[in-house]
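# Understanding the architecture of this molecule
This is what each chain is made of:
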Amino acid sequence: MGFGVSYVLQLMVMFSLMFVCALSQDDVVMKKLKTTISKNNLDWSDKDFCNWKGVRCSGTKRVTTIELRSSTVEGSLPQELVQLTELTYFRCSGNSLSGNFPYMPNSLQKLYIDNNKFTSMPNDFFTNMSNLIEVAIDYNPFSQWQIPFSLKNCLALQTFSAVNVSFVGVIPEFFGEETFPSLTTLKLSFNSLEGNLPNSLSGSSIQTLWVNGQKSNNKLNATLSVLQNMTSLQQIWVHGNSFTGPIPDFSNLDQLYDVSLRDNQLTGVVPSSLSSLQSLKIVNLTNNDLQGSPPKFQDSVQVDIDIDKGRHSFCTEVVGQPCSQLVNVLLSVVEPFGYPLKIAQSWKGNDPCHGPNWLGVVCSSSGNIIIIDFENKGFSGSISPSFASLGTVTKLRLANNNLTGTIPKELASMPVLQLLDVSNNSLYGQIPSFRAGVVVNTNGNPDIGKDKPHGSPDSSSGGEDKKKLGVGAIVGIVIGIVGLLGVGAFVFVIYGKRYNKCDNKVQTPNAIVVHPRHSGDGNAVKISVAASESVGASVAGGTGGFSLSSSVQNVEAGNMVISIRVLREVTNNFCDENILGKGGFGTVYKGELDDGTKIAVKRMQSEMVGDKGLDEFKSEIAVLTKVRHRHLVALHGYCLEDNEKLLVYEYMPQGTLSQHLFDWKDDGSKPLEWKRRLSIALDVARGVEYLHGLAHQIFIHRDLKPSNILLGDDMRAKVSDFGLVRLAPEGQASFQTRLAGTFGYLAPEYAVTGRVTTKVDIYSYGVILMEMITGRRAIENSQPEENIHLVAWFRRMLLNKDSFDKVIDPALNINEEGLKSFWTIAELASQCCAREPHHRPNMGHIVNVLAPLVEIWKPAEPDADDMYGIDFDMSLPQALSKWQNLEGISNTLDVSYSSSMVDSCENTQSSIPPRSPGFANSFTSTDAR
Ligand code: ATP
Ligand code: MG
């Protein structure tokens, strides 16, 4: 007993010492700071540094915010700042601070030191700064340095702004989705960078990219092709560099509004994907070597093209006037060579045979092109079949280049051709049969005559086409990975108005305190944090992150935490009347926010899911955090609190496909028309195609079934419930994992071996198609034994076309036209359910089959994202400040809910899962590591 008391006393003394230590620690540091800077108009006279202007502290007197923006401060910053271990926000922009910028504590989330006179930053500054969200170091007279490798550790980074900071060298390959999944703003203008835009940018979620005005001799160069895979881009400033090659295909950059390409060496025809881009507002093309017809943009676009004065190689100076047919042919001939710069700079005007010589083009006196001489030009790429359109050419000299692919068979039809010299290239394939008398020189092409080029099985011209297509497809697929910030903003704006968030602090391990909850349930624990009032601290929840288990590859859940208190309120305290339905893992409630926005809250029953449920929960958050698509149900937020696990989804007012296919009679509604079913099938296929085709990972749903297909008021469908999805290990499309899914929809190989590939989803999808055709469930126990399993019955019936009309859902009224598509879908369904996975088509094929059968849908109402109140234009800080304006900055982030919230409905006990103390504990131990 005596030992116990003294132990407690010791502990108390230790804790008070720690407290005093921390206090005096910040006190000493702040006093040091006070001496190293001049504070012209700062009132820093109070004894308590927490009362100094621009300084904010937590409840325990630890400094959380230092805001010295434009305060005409001079001097330098002390090394001791690194000891402010609860500092989350530091801003000293627009002052005259100088000297070396010191190390900062790793609690820091926002750092703005732009527009000062700092002369250096440690190269390893970012090594431990894993909580940084925003960094602005622009306009400081640093001595030359490279983009620090240590930046790689800032996985939560959203903004990196380093304009005019004396960077030299290349842009490292780590900028991209892999390292910085949340990066939306990258500004590197006015440095001395050189080299190309790294390929790692492909597929990134960057919205603002500034690399303009590099001061190095070589500047940034090579092509801009990576931009076409950066589908979140809204603003591109690459002007004032040495970029070459054509303007990339912008057709998938549907949010792009500002493109500045001027003062480069871009060549080729301005693609219509740019000139007709709907979102475009500003475009600047002046001083390039662009070819073809000067593009016509929509009237609303502010265009800077300066054809009169600027450098260009357009065929005319009249905007929109087409080039001559001959010029168009010549341009298509050099297109596969990437529109070489020397050609662009030589081919001026609209007539190759009159006026200045066109490089490589020889004309007869009568004005016909008779020789094309591209020998020794260093061209790479394939030989265009368009050469064949140059009907007067007698000699085609392409020797001594790096040409790949095959000799197009079209060349054999050139009527007056006498010589084709393709010697000393890297061509392969059969030589087409030319007329007698045509000299064809193919020497020095080791693979000519072979079916495939040596060592690269698929690099034919056809192969290259495929490659292009692949890129296009990937671009299309990644288009939806945007707006997560917006989702976070949504959560802040909608919920922040009146409530604290669930627990943003869970992510900052050393800030977690687990203590008994003072409520009716003495066993339960609540996770709360040391009080904090800083802006930065509030934002911390967003990115420092609820770090997910390795199985989901440390995806950060983002700012999506919602408090149980809010969820109780909006669901009328989980009242039975609000129940939308129950599934394998819990109950789904309808909720309504103050502004009328409806949500669906999935409350997992802990005792039913156990650990498996927690995994699933995290997996679902991680997946939905990464995946966003018009045909996937959006996750608005989640809550892990008070032994509760809840997911908050967008509300889908028309319920599930299952209800509409099977329960319509009971619900008193009408059966779905055939066209409707087709359109739903296409929506689902598109959603799943997206899952299967994400650029870096493959997502497999594994539980596709009609109850996981939800419908909006417009009867457009979205796929829900990614709780069973696991990220496939890098580079592997197939992996062994535990069995999940629902009987009747399980692919045989999955059921037998547990082996999962995208083809298990195709199988389930096939079953859904069969259900749509027949109106029968995957398993119908009321049927005779041999007909219980829909797939077996359906495939049997399909063999006998005469009897097949028996399978058609009697509720369907199919006309002639419908009947045609009906057979197509029946065939497709059967293929999808093929026993062998490799006999099943992929989702891309399914979309291609369905798309022509479905009338093109034009949204009548505003974009779905707008409908749900998500403002994708709003940055997280903006959202936060909007929230703060609504609420006033809270001094506490205590997340406990008041017991007065428990009203009679909850007290009926019907919907309260028993609370076990284990969950919060296991949560902290899992996630605090
Ligand atoms: P499983 O748990 O295996 O996925 P399930 O899909 O039937 O089975 P839940 O996902 O828990 O179960 O959903 C239960 C019901 O709640 C659904 O059948 C549907 O009626 C309703 N529901 C779920 N999500 C939403 C939503 N976002 N909007 C509207 N209703 C929903
Ligand atoms: Mg479901």
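How each quantity is defined
- Residues numbered from 1 in each chain as written.
- Chains lettered and ligands numbered in written order.
- Predicted model: local features only at pLDDT ≥ 70, side-chain atom pairs only at ≥ 80, totals over all residues.
- Heavy atoms only, no water.
- Helix = DSSP H or I, 4+ residues; strand = E, 2+ residues; numbered from the N terminus.
- Buried < 20%, exposed > 50% of the residue type's maximum accessible area, 1.4 Å probe, protein only.
- Contact = heavy atoms within 4.5 Å.
- Areas by Shrake-Rupley, 256 points an atom, 1.4 Å probe, with all protein chains shown as cover.
- Core = buried A, V, L, I, M, F, W, Y, C linked by side-chain atoms within 4.5 Å.
- pLDDT = per-residue confidence, 0-100.
- Donors = N, O, S within 2.8 Å, 3.2 Å for Na, K, Ca; no water.
- Disulfide = S-S within 2.5 Å.
- Salt bridge = Lys/Arg side-chain N within 4 Å of Asp/Glu carboxyl O.
- Pairing = 2+ DSSP bridges.
- Axes fitted to C-alpha atoms, helices over the stretch in contact; angles between N-to-C directions.
- Left-handed = near helix turned anticlockwise from the far one by under 90°.
- Nonpolar A, V, L, I, M, F, W, Y, C, P; charged D, E, K, R; others polar.
- Near = heavy atom within 4 Å.
- Polar contact = N/O pair within 3.5 Å; in protein donor to acceptor, adjacent residues only side chain to side chain.
- Expected span 1.5 Å × (residues − 1).

### Quick word on the overall build of the chain
Regarding its fold elements, the chain presents 21 helices and 44 strands. Per-residue burial over the chain gives 55% buried out of 929 residues. Put simply, of all contacts in the chain between residues at least 6 apart along the chain, 58% involve residues at least 24 apart. Carbon and sulfur atoms make up 52% of the accessible area of the chain, which totals about 38500 Å².

### Brief notes about the nonpolar core
Side chains of a nonpolar character, in soluble globular proteins, are inclined to be buried together. If you look at the biggest cluster of nonpolar residues, it comprises 86 residues, and the most contacted ones within it are F90, F160 and F175. Sorting the residues of this core by element identifies α1 (2-36), β2 (55-57) and β3 (63-67) as the ones contributing at least two each. When residues of this core are assigned to their parent elements, the largest contribution, three residues, is made by α1. Look past the residues within four positions of F175 in its chain and what remains in contact with it is I147, L151, F160, F180, L183, L186, S200 and L201.

### A word on the confidence of the model for the chain
Any region with low pLDDT has predicted coordinates that should not be read closely. Scored by pLDDT, the chain comes out at a mean of 76, with 73% of its residues at no less than 70. Scored below 50 in pLDDT, residues 1-5 makes zero contacts in the model with residues more than four places away or belonging to other chains. Contacts from residues 724-739, a stretch scored under 50 in pLDDT, to residues over four places away or in other chains number 57 contacts.

### With respect to the coordination of the magnesium ion (ligand 2)
For a metal with four tetrahedral donors the ideal donor-metal-donor angle is 109.5 degrees, while six octahedral donors give ideal angles of 90 or 180 degrees. Every protein donor of the magnesium ion (ligand 2) is accounted for by N708 (OD1) and D721 (OD), and the metal-donor separations fall at 1.7 to 2.0 Å. One end of the pair, N708, is in the loop between α12 (674-693) and β41 (709-711); the other, D721, is in the loop between β42 (717-719) and β43 (735-736), and 13 residues separate them in sequence. Judged on exposure class, the residue N708 and its partner D721 are both buried.

### What to know about the state of the cysteines
Taken as a whole and judged by the stated rule, the model has three disulfides. Each sulfur in the disulfide pair C315 and C323 lies 2.1 Å from the other. What sets the handedness of the C315 and C323 disulfide is the S-S torsion sign, and at about -85 degrees it is left-handed. Overall, C315 belongs to the buried group, its relative accessible area being 8%. You can see C833 has no disulfide; the closest cysteine sulfur is in C832, sitting 6.4 Å from it.

### As for the pattern of salt bridges
Inspection of the entire model under this criterion finds 22 salt bridges. Ionic pairing is found between K718 and E650, a salt bridge with its closest N-O pair at 3.2 Å. Here K718, found in strand β42, pairs with E650, found in strand β40 (residues 644-650); they are 68 residues apart in sequence, far enough to count as distant. Residue K718 shares its accessibility class with E650, and that shared class is buried. As a salt-bridge pair, D703 and K705 come within 3.8 Å of each other at their nearest N and O atoms. Pair check on accessibility: D703 and K705 agree, each one buried. Each of the salt bridges in this network shares a partner with another, and the network as a whole consists of D26, R62 and E86.

### Overview of the pairing of strand β6 (residues 96-100)
Inspection of the sheet shows strand β4 (residues 74-75) paired to β6 by two bridges, in the parallel sense. Residue pairing across strands places G75 opposite L97, the latter belonging to β6. Note: β6 against strand β8 (residues 117-120), three bridges, orientation parallel. When the sheet's bridge partners are listed, G99 is paired in β8 with F118.

### Considering the packing of helix α14 (residues 758-774) against helix α16 (residues 816-832)
Put simply, α14 and α16 touch, their axes get as near as 7 Å, and they point 145 degrees apart. Taken as a pair, α14 and α16 cross one another with a handedness that is left-handed. From α14, I762, Y763, Y765, G766, L769, M770 and I773 reach across to α16, where they touch F822, I825, A826, L828, A829, S830 and C832. In terms of residue class, the contact of α14 with α16 is made up of twelve nonpolar, two polar and no charged.

### Some words on the site of ligand 1
Lining the immediate surroundings of ligand 1 are 20 residues, of which G584, E650, K705, N708 and D721 lie closest. The backbone of M652 places a nitrogen or oxygen atom 2.9 Å from a nitrogen atom of ligand 1. Q659 places a polar side-chain atom, nitrogen or oxygen, 3.3 Å from an oxygen atom of ligand 1. When ligand 1 sits alone it has 590 Å² of accessible area, and the protein chains cover 89% of it.

### As for the side chain of S384
Of note, S384 is situated in the loop between β27 (380-382) and β28 (395-397). The exposure class of S384 is buried, given its relative accessible area of 4%. Looking at S384, its side chain comes within polar contact range of the main-chain oxygen of S332, at 3.5 Å. If we skip the residues at most four places from it in the chain, S384 touches S332, V333, P336, P408 and L411.

### Points about α14
Between the first and last C-alpha of α14 there are 25 Å, a value that for 17 residues agrees with the 24 Å anticipated at 1.5 Å per step. Note on α14: the residue one or two positions beyond its end, G775, has a positive phi of about 70 degrees.

### Concerning the pairing of strand β26 (residues 369-373)
Two elements, strand β25 (residues 361-363) and β26, share three bridges in a ladder whose sense is antiparallel. The partner of C363 across the bridge, within β26, is I369. The turn linking β25 back onto β26 is made up of five residues, and G367 within it adopts a positive phi angle of 90 degrees. As paired elements, β26 and β28 share three bridges and run parallel to each other. Residue pairing across strands places I372 opposite L396, the latter belonging to β28.

### Remarks on unusual backbone geometry
With a phi angle near 50 degrees, Y139 is a residue other than glycine that sits in the positive phi range. Mapped onto the secondary structure, Y139 falls in the loop between β9 (134-136) and β10 (145-146).

### Some remarks on the side chain of S200
Of note, S200 is situated in the loop between β14 (192-193) and β15 (208-210). A relative accessible area of 19% places S200 in the buried class. Separated by 2.6 Å, the side chain of S200 and the backbone oxygen of F175 make a polar contact. With near-sequence residues (within four places) excluded, S200 lies in contact with P172, E173, F174, F175, G176 and E177.

### Examining the environment of N115
In this fold, N115 is placed in the loop between β7 (110-112) and β8. N115 gets classed as partly exposed once you look at its relative accessible area, which sits at 37%. At a separation of 3.0 Å, a polar atom in the side chain of N115 contacts the side chain of D114.

### Focus: the sheet that holds strand β24 (residues 313-314)
Reading across the sheet, the five strands line up as β16-β18-β20-β22-β24 and stay open at both edges, with parallel pairing between neighbours. With one partner strand each, in any of the chains shown, β16 (221-222) and β24 form the two edges of the open sheet. Note: strand β18 (residues 242-246) against strand β20 (residues 265-269), three bridges, orientation parallel. In the sheet register, P246 faces β20, and the bridge partner there is T267.

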